[in-house]
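Structural features, examined
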Amino acid sequence: MINPNFINSYAKLPERFYTKSLPTKVKDPRVITINKKLAQELGLSIEWLESDDGIGMLSGNSMPSGSDPLAQAYAGHQFGGWSPLLGDGRAHLIGQINDSFGINWDIQLKGSGPTPYSRRGDGRAWLGPVLREYLVSESMHHLGVPTTRSLAAISTGEIIFRDGPRPAAIITRVAQSHIRVGTFEYFSSRGDLDAVSELMNYVIKVHYPELKAGDALGFLDSLISRQAMLISKWLSVGFIHGVMNTDNTHVGGLTIDYGPCAFMDEYDPKKVFSSIDTTGRYAYNQQQKIIVWNLARLALSILPLIDPIETEAIKKAEVTLGNFDKIFMKNWLKIFLKKIGIKNEKKGDAALIHDLLMEMNVSKADFTKTFRDLSKPNQEIQKISLSRNMSNWISNWKNRILDESNPMNTMSEINPVYVPRNHLIELAIQESLKNDFRLFNRLLSAAQNPFKEVSENQDLYLPPTNKW
Ligand code: AMP
Ligand code: MG
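From a predicted model like this one, the values you see are computed outputs, not experimental measurements.

What counts and what doesn't
- Residues numbered from 1 in each chain as written.
- Chains lettered and ligands numbered in written order.
- Predicted model: local features only at pLDDT ≥ 70, side-chain atom pairs only at ≥ 80, totals over all residues.
- Heavy atoms only, no water.
- Helix = DSSP H or I, 4+ residues; strand = E, 2+ residues; numbered from the N terminus.
- Buried < 20%, exposed > 50% of the residue type's maximum accessible area, 1.4 Å probe, protein only.
- Areas by Shrake-Rupley, 256 points an atom, 1.4 Å probe, with all protein chains shown as cover.
- Lys, Arg positive; Asp, Glu negative; His and termini not counted.
- Charge placed at Lys NZ, Arg CZ, Asp CG, Glu CD.
- Salt bridge = Lys/Arg side-chain N within 4 Å of Asp/Glu carboxyl O.
- Near = heavy atom within 4 Å.
- Polar contact = N/O pair within 3.5 Å; in protein donor to acceptor, adjacent residues only side chain to side chain.
- Nonpolar A, V, L, I, M, F, W, Y, C, P; charged D, E, K, R; others polar.
- Domains from an automatic or database assignment.
- Axes fitted to C-alpha atoms, helices over the stretch in contact; angles between N-to-C directions.
- Parallel < 35°, antiparallel > 145°, perpendicular 65-115°, else oblique.
- Contact = heavy atoms within 4.5 Å.
- Donors = N, O, S within 2.8 Å, 3.2 Å for Na, K, Ca; no water.
- Phe/Tyr/Trp six-rings, centres within 6.5 Å; stacked < 30°, edge-to-face > 60°.
- Lys NZ or Arg CZ within 6 Å of the ring centre and 35° of its normal.

1. Some remarks on the overall build of the protein chain
In terms of helices and strands, the protein chain carries 18 helices and 12 strands. Here the C-alpha coordinates of the protein chain stretch approximately 65 × 60 × 45 Å along the principal axes. Taken over 468 residues, the protein chain has a buried fraction of 58%. For the protein chain, the exposed area adds up to about 19800 Å²; of that, 52% sits on carbon and sulfur atoms. Across the protein chain, the mean location of the 53 positive side-chain charges is 3 Å away from that of the 50 negative side-chain charges.

Here it is, written out as structure tokens:
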């Protein structure tokens, strides 16, 4: 057994970046799941993770040597409204471990007790959202969507109150950093340009090693490209984040902070998942617009670093932000064409995919199943999965893909069989409350192998209202 070597490079930044804070000990920690594959990738000994010391860390009951737990300070725009002070109100950055490639990974506990940023919150998370974040983040990773990872889920043996008593749990998140657009806004709103600059150089070192320290425009430009890629990938798997506030927007281009998020079943571009999002601000088809708004908040925060002359800085930032739509549309089209088996775009292809999406919307077709069924050779299945007024589209499409080599392969490599559907996550959560984690574990293994059809998992493939 090898004890991990922790460091905490964030703790070496100035004290105003965080508040040192220890997780609150819990009564009866029990492992729900440990991500052994991720542990291996990180060079973390599984034996150690499963030992008293390992579970001590995952539950916040004991801290490994070299760790230096802290809660990060940040601000943010939530549903467009400004919150000058948020910060980790229920999370602790324990420190980092160094993998075999020399890359540092943040180990962060979420649900690990109150911090100075908790305001009126209890610093805890209940089992339901912990299981959802674990499943969805694993699914995203295996679908090829950049995301924070989940190393473990632990139940604490304690009861907390939400809309009733609920079992508490802790999720361990892993990423190269947990820095948000809101972290930049926090310092910029205080007029603390030194901190903005130091934060930016930290982010460049961690996420953009190809850039030179101080290259603010390069940073903005690179993040815009990454976010354009990220959002097009979200859309390609029917993902709705739900709460795209600036404090939930990662500056390295990862998906972060899984709240009321979900994969869409019936295709409806206006679909919303957060019950508090009454205006549809963060609907499926708004995500590419909202991210530009969020990136503009970042641009404003680093403006003096882009150019000391404000008018010049604004001009440069505007030009860079103006590139988003072009990059996004290019990525979007490339991915969506692959979803219908087209690798080499020809004139008329964009209309082909737009027509399909329109038909899917009208016929309330299931997003995941429709694309997957299209890649099946059996014509019958295609007929069942698509509404009858789509026969025109199908014959046009079939003609078009005659020009492609191996279109079915292209499609089955990009269109997943399994995404953790919302109704199944809900069911898995209900069952977990009876201490039955079988469905959670089935969903997890399907999420970790999303492109391989397994006959026993037919129930995980079907939409909630299986009318096809
Ligand atoms: P979220 O909606 O999870 O992105 O959180 C928004 C802000 O509320 C962050 O500053 C969180 O740390 C804080 N927060 C959310 N839930 C709790 C909680 N149960 N206790 C303390 N702070 C919380
Ligand atoms: Mg958040």
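2. A look at the pattern of salt bridges
Under the definition given, this model contains 26 salt bridges. In this structure, the salt-bridge partner of Glu210 is Arg226, at a minimum N-O distance of 4.0 Å. Of this pair, Glu210 sits in the loop between α6 (193-207) and α7 (216-236) while Arg226 sits in helix α7, and the two are 16 residues apart along the sequence. Among the ionic pairs, Asp373 bridges to Lys369, the shortest N-O distance being 2.8 Å. With Asp373 and Lys369 both in helix α12 (residues 367-374) and 4 residues apart, the pair spans about one turn of that helix. Here Asp373 and Lys369 have matching classes, each one buried. Through salt bridges with shared partners, one network takes in Lys110, Glu133, Arg173, Arg180 and Asp257.

3. Comments concerning the site of ligand 1
Gly87, Gly89, Asp122, Gly123 and Asn248 are the nearest of the 17 residues found near ligand 1. Backbone polar atom of Gly89 to an oxygen atom of ligand 1: 2.7 Å apart, as the coordinates give it. Here a nitrogen atom of ligand 1 sits 3.3 Å away from a polar atom, N or O, in the main chain of Arg124. The class makeup of the residues in the shell around ligand 1 is 2 nonpolar, 7 polar and 8 charged. Taken together, domain 1 (6-175) and domain 2 (181-331) each give at least three residues to the shell around ligand 1, which thus spans both.

4. Some details on the packing of helix α10 (residues 324-339) against helix α11 (residues 349-362)
Two elements in contact, α10 and α11, have axes whose closest approach is 10 Å; the angle formed by their N-to-C orientations is 70 degrees. One finds that α10 runs roughly perpendicular with respect to α11. Residue-level contacts link Trp332, Leu333, Phe336 and Leu337 of α10 to Asp349, Ala350, Ile353, His354 and Leu357 of α11. Residue composition of the contact of α10 with α11, by class: 7 nonpolar, 1 polar and 1 charged.

5. Quick look at the coordination of the magnesium ion (ligand 2)
For the magnesium ion (ligand 2), the full set of protein donor atoms is Asn248 (OD1) and Asp257 (OD), at a range of 2.0 to 2.2 Å. For the pair formed by Asn248 and Asp257, the shared burial category is buried.

6. Considering the packing of aromatic side chains
The full count for this structure, using the stated rule, is 21 aromatic pairs. Arranged with centres 4.9 Å apart and planes meeting at 85 degrees, the rings of Tyr186 and Phe187 form a pair that is edge-to-face. Judged by centre distance (5.9 Å) and plane angle (35 degrees), the rings of Tyr267 and Phe367 are tilted. Linking Tyr267 in the loop between β12 (262-263) and α8 (287-306) with Phe367 in helix α12, this pair joins segments that are 100 residues apart in sequence. Here Tyr267 and Phe367 have matching classes, each one buried. In textbook terms, an aromatic cluster arises when at least three aromatic residues are bridged by ring pairs, as seen for Tyr10, Phe17, Tyr18, Tyr186, Phe187 and Tyr202. The ring of Tyr186 has Arg190 sitting right over it, with the charged end atom 3.8 Å from the ring centre. Against the face of Phe371 rests Lys339, its NZ or CZ located 4.5 Å from the ring centre.

7. Regarding the domain arrangement of the protein chain
Split by domain assignment, the protein chain resolves into domain 1 (6-175), domain 2 (181-331), domain 3 (340-414) and domain 4 (422-461). On a C-alpha basis, the centroid separation for the pair domain 2 and domain 4 is 32 Å.

8. A short note on the environment of Leu305
Structurally, the position occupied by Leu305 is in helix α8. By relative accessible area, Leu305 is classed as partly exposed at 23%. In sequence terms Leu305 and Glu404 are 99 residues apart; their C-alpha atoms lie 48 Å from each other. Other than its neighbours up to four places away in sequence, Leu305 contacts Leu193, Val196, Ser197, Met200, Gly214 and Ala216.

9. Focus on the packing of α7 against α8
Contact geometry of α7 with α8 gives a least axis separation of 10 Å together with a crossing angle of 170 degrees. By the criterion of interaxial angle, the relationship of α7 to α8 is roughly antiparallel. Facing α7, whose interface residues are Ala216, Leu217, Phe219, Leu220, Leu223, Ile224, Gln227, Ile231, Trp234 and Leu235, α8 presents Gln287, Gln288, Ile291, Leu295, Leu298, Ala299, Ile302, Leu305 and Ile306. For the contact of α7 with α8, the per-class residue count stands at 16 nonpolar, 3 polar and no charged.

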